[in-house]
Amino acid sequence: MAGPSQLTARAASSPTVLRLAAPEVHALQELVFRRYPYAEWATFGRFGWRDTPHGLVLSLAALDPPGAGDLDEHVGHVAIAEPYSLRVALTAETHPLAVGVIHSHPRDYAPRPSPIDDDMDRYYAGYLDGFTRGRPYVSLIFAVVEDELAVSGRVFWKGKWVVVDRVVIERNPVRAWVGGARPLPRAPSPERTARLAAAFGDEAASRLRESTVAVIGAGGTGSAAIEVLARAGVGRLIIVDPDVLEESNLERIHGSVPGHAANRVPKVVLARDHVRAIDSHIDVQAYIGSLPQREVLDAVVTANVLLGCTDQQHSRLAVADVAIRYLVPSLDCGVLLEGGAGKITGQIAQILRVLPADPCPWCREMIVPQRVAQELMSETERARRRLAADAACARGEEPDPYWQDQPQLNTVGYHTTMVGAMIAGYAIGWLTGRFDPPFARLQMNLVAPLLDVTDVDVSAGRDCVCRRIRGWADQGVADALITPPSHWPAVRPV
Amino acid sequence: MSWERIERELKKLQEGGQSADLLRNGRSLVLYRDVPTAGAPLGLPSTTDVVVPVPEGFPAALIDLAGLPVGSPLLPRVKGGQNNQGIVTGDGRQWQLASYHPHNGGGGPTWDPMRHGFHTYLDHLIAWLARLS
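The structure displayed is predicted, hence computed values, not measured ones.

Undergrad: Teacher, can you tell me more about the overall build of chain B here?
TA: Across its full length, chain B holds two helices and six strands. Dimensions along the principal axes, computed over C-alpha positions, put chain B at roughly 40 × 30 × 30 Å. Looking at chain B residue by residue over its 133 residues, the buried ones come to 47%. Sequence separation of at least 24 residues holds for 53% of the intrachain contacts in chain B that already meet a minimum separation of 6.

This is how it looks when you write it as structure tokens:
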């Protein structure tokens, strides 16, 4: 095992991904560019991480900014005073996060590590390890080059230096300068996405090709979202669903035919094959499973955007947990039909934006505790509780403590397709940097005057963990919003 | 399962003087040791061990039920004790789960995972064992 002094950062066998959320990026840019355009500045930062089979995923959790006198104002480069280093090191003993240095290079200077940067990184990787004991050391360089943000990074962990291969800044597309080298020019858009390129620009189409979208649920809304994303040219899709196709799904699920139902084909297999038929160049990773199972989480944290398409409360919690702890911008959707006396009175569509700084579903009062508990129970437990509820009724007691029947949520294909296409559209807006959803939680009724559109925007609860664990990744596991039930079948990649 | 969270909650109990362990063989349970009861004046045990199942998906799913050792003289006297919700095994003993639902319409607050956990469930267990019929 090499020490930190042997500073030859290489690409790891699996890519290293750095994720940043908007509030931290905003604060970081204010800080490190404060002496722009000519002089550098720096701060220490704290990072959560997850070591996945697909590579190391880091997330910026917080900054430990310099105070007066912590950096030398009289020199153009970064010179960190020893008390600042010691303060950060001692603080690191009180939290579980990785620590690193983030500094700027002058405007239009590549974020390529200089010999001074090499010295600094060698020193801090060794020095901080005495306090962090085996956690990664992260070094990032920010610069503005030709009016675009340019970011490079390297990490010392487990005895070796690796470069940061991908930088994902919430909704703002940014290309990593791997090892400080200028990214290669983007290839022109293929003819198949020429209309999209004409509308959004060639660069937008290229960004889609370089992007990964994870879709949880390949049913009515999910299959519609997947179809839109595949046709738009998203380069990599992660598709997750535990179920097989049934005949009653044929009305809604894109790409399905009766043979799929007859053969009980897993929905993710159907979706995978459908995507490949649309565009064989798309990299599809399909998992028979559910979020937040470990293998699914490993894949999802590498995505640029996560879409929740199950309309189940536990899944909504899992999506929010990924958004908050791993900084994956997410959208969750649901549909609902209401009616009576032969009339459809409500066709509700809901889209929930879950950015890393957004409140969790508990804060948004979207979770009914008993419903979540019932969703997460094993079939055996559900059966036992239904019997207990029946017995309570027979005794003249309320059945609710044992079991509450949930109404069947009926949906129809045009409704699920519309909502699935909408969230895919907003995902494309984020991935291309062209537009944002103009709401926090959209609800609309297709059969109400002017669609009865509402936006429900609330703040995070004062005591909620969602205010404290943004970017904590695996190091915030004790505050996870949900954990996978032990009775769920093992995940099967297909 | 969020073992780290449960361990953190049990540590809080320990700091408050309540011994409790996480049992992870078979169905996961939290075992509270020597919880006080109001049984002494009735000739019943003044303390008892209690188990509580760890709900699947915790903390998204609420904590529910409570179990006493099979054959405990307290079982017929506690709320829901005669409404058997299943037998579970842990710590080398068998436990009968009683129909006790403090967060599920049983008199306690609505489940809030930001405030509630196995550390706060002890209060419900003490209240449960203090109201013997």
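Undergrad: Any chance you could explain the interface of chain A and chain B here in plain terms?
TA: Many descriptions give the size of an interface as the accessible area lost when the pieces come together. If you look at the interface, chain A gives 29 residues, while chain B gives 24 residues. Counting residues per element, the ones that place at least two in the side of chain A that touches chain B are helix H10 (313-326), helix H11 (369-376) and helix H12 (379-394) of chain A. Per-element tally for the side of chain A that touches chain B: the top contributor is H11(A), with five residues. Of the residues belonging to the side of chain A that touches chain B, the class tally is 17 nonpolar, seven polar and five charged.

Undergrad: Explain the domain arrangement of chain A here, please?
TA: Residue and element names in this part refer to chain A. As far as domains go, chain A holds domain 1 (17-180) and domain 2 (197-378 + 406-493). With centres defined by C-alpha atoms, the gap from domain 1 to domain 2 works out at 32 Å. Taken together, the contact between domain 1 and domain 2 spans 23 residues of the former and 25 residues of the latter. Going through the elements one at a time, strand S1 (17-20), helix H1 (22-32), strand S2 (42-52) and strand S3 (55-64) are the ones with two or more residues in the side of domain 1 that touches domain 2.

Undergrad: Help me understand the nonpolar core, please; the structure alone is not making it clear to me.
TA: Note that soluble globular proteins tend to have their nonpolar side chains buried in a common cluster. Residue and element names in this part refer to chain A. Val300, Leu307 and Ala427 are the most contacted members of the largest nonpolar core, which totals 174 residues. Examining the composition of this core, we find that nine residues originate from one element, helix H13 (residues 413-432), more than from any other. Taken domain by domain, this core gets at least three of its residues from each of domain 1 (17-180) and domain 2 (197-378 + 406-493). Ignoring sequence-local partners within four residues, the contact set of Val300 consists of Ala214, Ile238, Leu291, Leu306, Val322 and Val328.

Undergrad: Sorry if this is basic, but what is going on with the sheet that holds S1(A) here?
TA: Working definition: the strands of a sheet are paired by backbone hydrogen bonds and lie parallel or antiparallel to each other. All names here are of chain A. Reading across from one edge, S7-S6-S5-S4-S2-S3-S1-S8 is the order of the eight strands in this open sheet, with mixed pairing throughout. Because the sheet does not close on itself, it has two edges, and the strands there are strand S7 (160-163) and strand S8 (166-169). Across this sheet, the average inter-strand angle for adjacent strands is 25°, counted without regard to direction.

Undergrad: I'm lost on the sheet that holds strand S16 (residues 454-455) of chain A in this one. Help?
TA: Residue and element names in this part refer to chain A. Strands sit in the order S16-S15-S14-S13-S12-S9-S10-S11-S17 across an open sheet of nine strands; the sheet is mixed. The outermost strands of the open sheet, each flanked by one partner alone, are S16 and strand S17 (492-493). Bridging between strand S9 (residues 212-216) and strand S10 (residues 236-241) involves five bridges; their strand directions are parallel. Pairing of Ile216 across the sheet is with Val240, part of S10. Relative to strand S13 (residues 330-340), H13 is tilted by about 160°, and along the sheet it contacts S9, strand S12 (305-308), S13 and strand S14 (343-354).

Undergrad: Honestly, the environment of Leu22(B) in this entry has me stumped. Any pointers?
TA: All names here are of chain B. In this structure, Leu22 sits in strand S1 (residues 20-23). In this structure the C-alpha to C-alpha distance between Leu22 and Gly80, which are 58 residues apart in sequence, comes to 24 Å. Once residues lying within four places of it in the same chain are set aside, the contact partners of Leu22 are Ile6, Glu7, Leu10 and Val30.

Scoring rules and cut-offs
- Positions within a chain are numbered from 1, following the residues in the order the chain's sequence is written.
- Chain letters start at A and ligand numbers start at 1, both assigned in the order the entries are written.
- For a predicted model such as this one, the threshold for reporting local features is a pLDDT of at least 70, and the threshold for listing and counting side-chain atom pairs is 80 or more; totals across whole chains, interfaces and linings nevertheless cover every residue.
- For helices the rule is a DSSP run of H or I covering at least 4 residues; for strands it is a run of E covering at least 2, with both sets numbered from the N terminus onward.
- Partly exposed residues are those falling between the two cut-offs: more than 12 but fewer than 20 other C-beta atoms within 10 Å of their own, whereas 20 or more means buried and 12 or fewer means exposed, with C-beta atoms placed from the backbone.
- Once C-beta atoms have been placed from the backbone, residue pairs whose C-beta atoms lie within 7 Å are recorded as contacts.
- Residues are grouped as follows: Ala, Val, Leu, Ile, Met, Phe, Trp, Tyr, Cys and Pro are nonpolar; Asp, Glu, Lys and Arg are charged; all remaining types, including Gly, are polar.
- Domains are outlined according to an automatic or database domain assignment.
- Each nonpolar core comprises buried Ala, Val, Leu, Ile, Met, Phe, Trp, Tyr and Cys residues, the members being joined through C-beta atoms within 7 Å.
- When DSSP locates at least two bridges between a pair of strands, those strands are taken to pair.
- Here an angle of 0 to 180 degrees is reported between the N-to-C directions of two axes, which are lines fitted to C-alpha atoms, with helices fitted over the stretch in contact.

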